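Letter by letter, the chains look like this.
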Amino acid sequence: QVQLVESGGGLVQPGGSLRLSCTGSGSFFSTYRMGWYRQAPGKERELVASITSGGTTNYADSVKGRFTVSRDNAKNTVYLQMNSLKVEDTAVYYCNANLFGNIYWGRGTLVTVSS
């Protein structure tokens, strides 16, 4: 029912910035609870940030003050602005949507932070 496509990943040096985008299908995007997750090599997938349909945000402690999640419902898009990137932020970042209790995932975009 829902298709999610992430973009914006790439290679960046420590201290740099990237903005990830996730564009979803459907006419009810404004009702989705959206999230960004990441999975680093050898680690479990973890929640990075989420944003409700009303705009309430939540962040993992490891990214608070550095990452900002936002959404543009007119564009069916959620963003993750990542600043002051650290090597430990290296991971595949996945877009997540919660629609009527059903969970959907994008295929991920790789973020590599390396000097």
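Before any of the text, the structure's been laid out above.
Each chain has its residues counted from 1, following the order in which its sequence is written. Confidence filtering applies because this is a predicted model: local features only for residues at pLDDT of at least 70, side-chain atom pairs given and counted only at 80 or more, and all residues used for totals across whole chains, interfaces and linings. The side-chain values count all of the structure's non-hydrogen atoms but skip hydrogen atoms and water molecules.

Further remarks concern the nonpolar core. One broad trend across soluble globular proteins is that nonpolar side chains are buried collectively. Counting residues in each nonpolar core, the largest one holds 31 residues, and the members touching the most others are Met 34, Trp 36, Leu 80, Met 82 and Tyr 93. Breaking this core down by element, the ones donating at least two residues are strand S3 (18-24), strand S4 (33-39), strand S5 (46-51), strand S7 (67-72), strand S8 (77-82), strand S9 (91-99) and strand S11 (109-113). We define a nonpolar core as any set of buried Ala, Val, Leu, Ile, Met, Phe, Trp, Tyr and Cys residues linked to one another through side-chain atoms lying within 4.5 Å. Think of it in three bands: with a 1.4 Å probe and only protein chains considered, a residue is buried below 20% of the maximum accessible area for its type, exposed above 50%, and partly exposed in between. Secondary structure elements are taken from DSSP: a helix is a run of H or I of four residues or more, a strand is a run of E of two residues or more, and numbering for both begins at the N terminus.

Only when DSSP finds a minimum of two bridges between them are two strands counted as paired. Note that S9 and strand S10 (residues 102-105) share four bridges and pair antiparallel. Looking at S10, one finds that Leu 99 is bridged to Asn 102. In this structure, the hairpin formed by S9 and S10 is closed by a connection of two residues, where Phe 100 is found at a positive phi of approximately 55 degrees.

A word on the environment of Leu 85. Within the secondary structure layout, Leu 85 lies in the loop between S8 and S9. Taking C-alpha positions, Leu 85 is 9.1 Å from Val 63, a pair spaced 22 residues apart along the chain. With residues near it in sequence (within four places) discarded, Leu 85 still touches Val 12, Pro 14, Gly 15, Gly 16, Ser 17, Leu 18, Arg 66, Phe 67 and Val 113. Any two residues having at least one pair of non-hydrogen atoms within 4.5 Å are treated as being in contact.

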